[in-house]
Structure formats: structure tokens, C-alpha cells
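Survey of secondary and tertiary structure
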Amino acid sequence: MVAPKLRFKEFNDDWSLKKLGDISFKPQYGMNSSATEFDGENKYLRITDINEDDHSFNFSKLTSPDDDLDDKYLLKNGDLLFARTGASVGKSYLYNSKDGKVYFAGFLIKFSLHTNVNPYFIFTQTLSKKFQNWVITNSMRSGQPGINAEEYSSLPITFTSLEEQTKIASFFSTVDEKISQLSQKLHLLGQYKQGMMQKLFSQQIRFKADDGSEFRDWEDKPLNEIACKNTIKNKDGSITEVLTNSATQGIIKQSDYFEREIVTESNLTGYYLVNVNDFVYNPRISVHAPVGPIKRNKKCLGIMSPLYTVFTIKTGNLNYLEYFFDCDFWHDYVKSVANSGARHDRMNITNKDFFEMPILYPCLEEQTKIANFLSSIDQKIDVVSEQLEQAKLWKKGLLQQMFV
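Here goes a summary of the coordinates provided. None of the values given here were measured: they were computed from a predicted structure. (Residues numbered from 1 in each chain as written. Predicted model: local features only at pLDDT ≥ 70, side-chain atom pairs only at ≥ 80, totals over all residues. Heavy atoms only, no water.)

1. Re the overall build of the protein chain
To keep things clear, this is the line we draw: Only DSSP runs of H or I with at least four residues qualify as helices, and only runs of E with at least two residues qualify as strands; both kinds are numbered from the N terminus onward. The buried label applies to any residue whose accessible area, calculated with a 1.4 Å probe on protein chains only, is under 20% of its type's maximum; exposed applies above 50%, and partly exposed to all values in between. Only heavy atoms matter for contacts: two residues are in contact if any of them lie within 4.5 Å across the pair. The method behind every accessible area is Shrake-Rupley, applied with a 1.4 Å probe, and residues are considered shielded solely by the protein chains displayed. Only four residue types enter the charge count, namely Lys and Arg as positive and Asp and Glu as negative; His and the chain termini do not. Each charge is placed at NZ for Lys, CZ for Arg, CG for Asp and CD for Glu.
The helix and strand tally for the protein chain stands at ten helices and 20 strands. Taking the principal axes of the C-alpha coordinates as reference, the protein chain spans close to 75 × 60 × 50 Å. Relative to its 404 residues, the protein chain shows a buried fraction of 46%. In the protein chain, once contacts between residues fewer than 6 apart in sequence are set aside, the share between residues at least 24 apart is 77%. Counting only carbon and sulfur atoms, one obtains 49% of the accessible surface of the protein chain, whose full area is about 21,300 Å². Distance from the positive charge centre (48 side chains) to the negative charge centre (51 side chains) of the protein chain: 3 Å.

Written out as C-alpha cells, the structure reads:
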């Protein structure tokens with residue numbers, strides 16, 4: 001086959017096409033075992049432990065099987081693994097000995113590669129669009145998707161000299177290391193922000209006035225003192241932009257969040273108007289919002305289902321209040337007043353109880369200082385997040401040009 005357009009200039013030989021089975025030993029299915037708490041030595045790799053984003057090993061989820069360990073399932077440096085079934089089919093992972101002692105689970109298939117192959121060069125191809133298309137084509141089943149060992153063995157692999165493989169692998173390894181560093185930096189910034197929010201709202205850390213004086217003590221103000229419920233309905237149906245409150249993404253357009261329309265125009269007259277900077281409480285419980293999220297509408301004028309509680313702030317720094325509702329200092333109150341007979345996935349709280357929620361309320365000047373400080377962290381997070389996305393896009397483009 002013809003070599004790709006993007007390559008190192010010192011190489012000019014044509015590339016060849018081989019099957020994965022031609023450059024590896026007989027594939028092996030993993031061990032079937034339940035997972036228990038990591039014992040400090042024997043790591044047990046399951047499909048869920050492989051990072052969806054970059055196919056790395058998610059060390060926070062390492063576990064150990066509770067059955068007797070068989071060393072035939074112990075990974076060796078350069079072993080390549082694939083998920084064989086379900087929504088994760090095609091997910092791949094390349095074992096590096098620095099990951100420690102790792103056994104692999106039953107829904108994974110291991111390929112040990114020949115010595116004339118650079119494992120990272122082969123692994124990099126499993127991150128390409130070409131490989132993703134192959135997975136889609138070959139995983140079709142009448143039930144859930146799946147690819148078995150024999151089918152993975154037929155995976156077409158572009159092949160070149162070991163010297164060029166190593167050069168390409170080294171280059172992509174450097175790119176991946178940069179992406180990993182940015183991911184770690186983003187993670188640490190997020191942790192730092194959460195830690196600072198806890199310290200600020202618990203008043204472990206206090207700001208001072210510009211003249212060096214102490215601010216007055218904080219108040220606990222009921223929500224109904226600083227906000228009012230928005231009950232204006234879309235009676236004439238003139239507003240058609242339906243918004244939704246996502247625990248992870250905030251207020252977003254429903255059309256961007258759901259693949260299909262879930263309301264029709266005839267239903268919109270009973271929906272509440274949501275102005276820009278209104279806050280919205282979604283009583284639905286989730287892992288990310290154990291009492292339901294309260295988010296600020298920064299998107300556009302829209303409407304929301306009567307299932308949501310919409311309120312407008314009358315006094316206070318909007319940014320401060322947004323950060324306050326992103327922390328968990330109001331969660332205990334909601335839990336204490338919620339109806340115990342509520343649905344398991346939804347908080348059942350009356351309007352009266354909701355608007356009596358106590359809000360930690362420093363003076364306006366201190367609110368502004370807190371908001372500005374947290375906003376400065378968010379700006380750094382946004383910069384690193386953008387750098388990370390650009391690095392991923394750059395890598396994606398390189399993969400597309402090198403493994404067409």
C-alpha cells in the first residue's frame with residue numbers, strides 16, 4: 001500500500017497492510033472474577049477501568065479479584081487489550097510495566113505482539129477514525145454489539161519498518177504525554193476550586209475590606225428575602241426555545257441536550273418563562289446532584305416545564321450566588337424538608353419550604369471578592385480546558401493523516 005502523506009522525511013518506502021493476527025501470538029480472553037477492594041499489589045483491569053477519553057488506565061478504579069489469581073492472566077509489557085462486548089466494544093488499552101502488576105478481566109481480549117512490532121505504533125492505530133469505523137462495521141450483532149478474538153485477529157494494520165514504527169510511536173507518545181499533563185492540570189485545578197469553595201463558604205478563609213478592616217459576620221437569609229419565584233407563563237406560546245437544567249452542563253437548550261423533541265408546541269403555553277440570569281431548581285436527583293441542581297440561566301430567554309422552580313434574584317451578587325448553589329452547603333436543608341414519600345429519583349419539596357432555604361449571605365463587598373476569586377480560577381480552568389481540546393484535535397488530525 002502507498003505510504004501516508006504525513007511521515008518523517010527520512011523514510012520513503014511504501015507501507016504494507018497486515019492483519020493483527022499476523023503480528024501477534026494467539027489471543028487470550030481474560031479471567032472471570034468479581035472485583036473487590038484493591039489489595040495494594042494485584043490490580044484487576046476491567047472494561048470500566050479503561051479511560052473512555054484517551055484509552056489510558058484509570059488508576060482510581062483499580063481493584064483486585066477475590067478469587068485465586070492465575071498468572072496466565074498477568075499482563076506483560078506491550079500487551080494490547082480490546083473490549084469485546086457491549087457499548088465499550090473496541091475500547092483499547094496498551095499495558096506498560098510501570099502500571100504495576102495487572103490481571104485482566106473476562107470481557108477483555110489480550111494480544112501479545114511479536115518482537116518486530118512497536119506496540120505503541122499498533123496501539124495508536126486503535127485510536128484512529130479508521131479503527132473506529134472498522135469497529136462499527138464489525139461489531140454489528142442481533143443483540144448487543146461485540147467483536148470476538150477471531151474477528152479482532154482480522155483487524156487490518158498498516159505496517160512499516162520497525163525504525164519508522166518506533167519514530168512514529170515516540171512522536172505520538174510525546175503528544176499523549178502532553179495531553180496527559182493537561183488533563184492532570186485540569187483535574188488539579190478542579191480539585192483546587194472545590195477545596196477553596198469549601199473553605200470560603202465554611203468561612204475558614206475570609207477576605208478583608210480594601211482598607212484592611214474585617215467584614216461583618218455573615219447572615220443566614222431565607223431565599224425568599226433575596227429572590228422571588230418566577231410564575232410568568234408562556235400563555236400566548238410566543239416563546240418556543242425550551243431549556244433544560246443539566247447537573248453537569250447547567251442551563252442548556254433542550255434541542256442540544258436531547259436527540260428528539262420531547263414537547264410539542266401545544267404543550268408550551270403552560271411553561272414558565274426563564275429570563276437570562278434567572279436561577280432554576282431541578283428536583284431530579286443524580287450522582288452529580290444528590291438533591292437536584294440549582295443553575296443560573298446564562299443561555300437565552302426561554303421556557304421551562306412547571307416541574308422546575310424558577311426564581312429571580314432581587315439582591316446580591318449573581319456570581320457569588322451561582323457559586324454558592326454549586327457547593328453543597330444548602331443540601332442538608334433540602335434533605336431535612338423533603339417529603340420522605342417522594343419518588344426515589346426526585347426531591348419532593350414545597351414552594352414554602354424551598355423559599356425558606358437559608359442562604360449564606362456575607363455583605364455585598366465580600367460576596368464580590370469571593371465571586372471574583374473563584375472566577376479567576378474558572379478562567380484558568382477554561383484556558384487549560386481549551387488547550388486540552390486543541391491538543392486532542394491536533395492529535396486527531398495527525399491520526400487521520402497518518403492512518404488513512
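2. A few points about the pattern of salt bridges
Opposite charge on two side chains lets them pair, provided their charged atoms get close. Inclusion rule: Salt bridges, as used here, are contacts in which a Lys or Arg side-chain nitrogen is within 4 Å of a carboxyl oxygen on Asp or Glu.
For the structure on display, the rule yields 16 salt bridges. Measuring nitrogen to oxygen at the nearest pair gives 2.8 Å for the salt bridge that ties K369 to D210. Note that K369 is positioned in helix α10 (residues 364–402) and D210 in the loop between α4 (162–201) and β11 (219–222), a separation of 159 residues in sequence. Judged by relative accessible area, which is 66%, D210 ranks as exposed. A salt bridge links K221 to E225; the shortest N-O distance between them is 3.8 Å. By relative accessible area, K221 is classed as buried at 16%. The class of E225 is partly exposed, set by a relative accessible area of 42%. Several salt bridges converge on common partners, so that one network encompasses R296, K298 and E322.

3. Description of the packing of aromatic side chains
Any pair of aromatic rings gets described here by the distance separating the centres and the angle formed by the planes. This is how the line gets drawn: By convention, a stacked pair of Phe, Tyr or Trp rings (six-membered ring in the case of Trp) has centres within 6.5 Å and planes under 30 degrees apart, an edge-to-face pair has planes over 60 apart, and any other such pair is tilted. Sitting over a ring, as applied to charges here, requires NZ of Lys or CZ of Arg to be within 6 Å of the ring centre and within 35 degrees of the ring normal.
By the definition in use, this model includes 28 aromatic pairs. With a centroid separation of 6.1 Å and 80° between ring planes, the pair formed by F8 and F171 is classed as edge-to-face. Of this pair, F8 sits in the segment before β1 (16–19) while F171 sits in helix α4, and the two are 163 residues apart along the sequence. Accessibility expressed as a relative area gives 23% for F8, which makes it partly exposed. The interplanar angle of 80° and the centroid separation of 6.0 Å between the aromatic rings of F325 and W330 together place this pair among those described as edge-to-face. A cation over a ring is seen here: K167 above F8, with NZ or CZ 5.4 Å from the ring centre.

4. Overview of the layout of surface pockets
Filter applied, for reference: Note on definitions: the grid is 1 Å and covers protein atoms alone; a cavity is a set of points where a 1.4 Å probe fits but cannot get out; a pocket is an open set with protein on both sides within 12 Å along at least five of seven lines; lining residues have an atom within 4 Å of a point. Grid points are joined across faces, edges and corners, and a volume is the space filled by probe spheres set on the points.
Space inside the second largest pocket adds up to approximately 1,000 Å³. Top element by residues in the lining of the second largest pocket is helix α7 (residues 318–326). It accounts for five residues.

5. Considerations on the sheet that holds strand β2 (residues 28–29)
Inclusion rule: In this analysis, strands are considered paired if DSSP registers two or more bridges between them.
Ordered by their spatial adjacency, four strands build an open sheet running β2-β9-β6-β7, and the pairing between neighbours is antiparallel. Every other strand in the sheet has two partners, leaving β2 and β7 (92–94) as the edge strands with one partner each. Where β2 lies against strand β9 (residues 108–111), two bridges are found, and the strand directions are antiparallel. Opposite Q28, over in β9, you have K110 as the bridge partner.

6. Concerning the side chain of E322
Tracing the backbone through its elements, the reader meets E322 in helix α7. A residue is classified by how much of its surface remains accessible, and E322, at 17% relative accessible area, is buried. Once residues within four sequence positions are removed from consideration, E322 is found in contact with F279, R296 and K298.

7. Here's the deal with empty space enclosed by the protein
Let me state the cut-off plainly: Each residue is assigned to one class: nonpolar for Ala, Val, Leu, Ile, Met, Phe, Trp, Tyr, Cys and Pro, charged for Asp, Glu, Lys and Arg, and polar for all the others, Gly among them.
The full count for this structure, using the stated rule, is two cavities of 30 Å³ or more. Taken as a whole, the largest cavity holds about 70 Å³ of empty space. Looking at the lining of the largest cavity, the elements that each hand over two or more residues are α2 (129–138) and β10 (156–159). A total of three residues in the lining of the largest cavity trace back to one element, the largest contributor, which is α2. For the lining of the largest cavity, the per-class residue count stands at five nonpolar, three polar and one charged.

8. Describing the environment of F329
Its place among the elements puts F329 in the loop between α7 and α8 (331–337). Overall, F329 belongs to the partly exposed group, its relative accessible area being 30%. Separated by 96 residues in the primary sequence, F329 and K233 have C-alpha atoms spaced 31 Å apart. If we skip the residues at most four places from it in the chain, F329 touches M197, Q198, F201, S202, F324 and L360.

9. Topic: the pairing of strand β14 (residues 250–253)
Residues in a regular strand point their side chains to alternate faces of the sheet. In the sheet, strand β13 (residues 243–246) pairs with β14 via four bridges, with the strands oriented antiparallel. Within β14, the position partnered with T244 by the bridge is I252. The turn joining β13 and β14, which pair antiparallel and follow one another in sequence, is formed by three residues.

10. Some points on unusual backbone geometry
The phi angle at Q203 is positive, at roughly 65°, despite the residue not being glycine. Following the sequence through the fold, Q203 ends up in the loop between α4 and β11. For N277, which is not a glycine, the phi torsion comes out positive at approximately 80°. Looking at the element boundaries, N277 is found in the loop between β15 (272–274) and β16 (279–281). Residue class for N277 comes out partly exposed when judged on its relative accessible area of 27%.

11. Considering the packing of α4 against α10
Basically, it comes down to this: Structural elements are reduced to axes, namely lines fitted to C-alpha atoms, with helices fitted over the stretch in contact, and the angle between N-to-C directions of any two is expressed from 0 to 180 degrees. Note that the term roughly parallel is reserved for angles under 35 degrees, roughly antiparallel for angles over 145, roughly perpendicular for angles of 65 to 115, and oblique for everything else. Whether a crossing is left-handed or right-handed is set by the direction in which the near helix is turned from the far one by less than a right angle, anticlockwise for left-handed and clockwise for right-handed.
Running from amino to carboxyl end, α4 crosses α10 at an angle of 160°, the nearest separation of the two axes being 10 Å. For the element pair α4 / α10, the angle class is roughly antiparallel. Here α4 and α10 pass one another in a crossing that is left-handed. A per-class count over the contact of α4 with α10 returns 25 nonpolar, four polar and seven charged.

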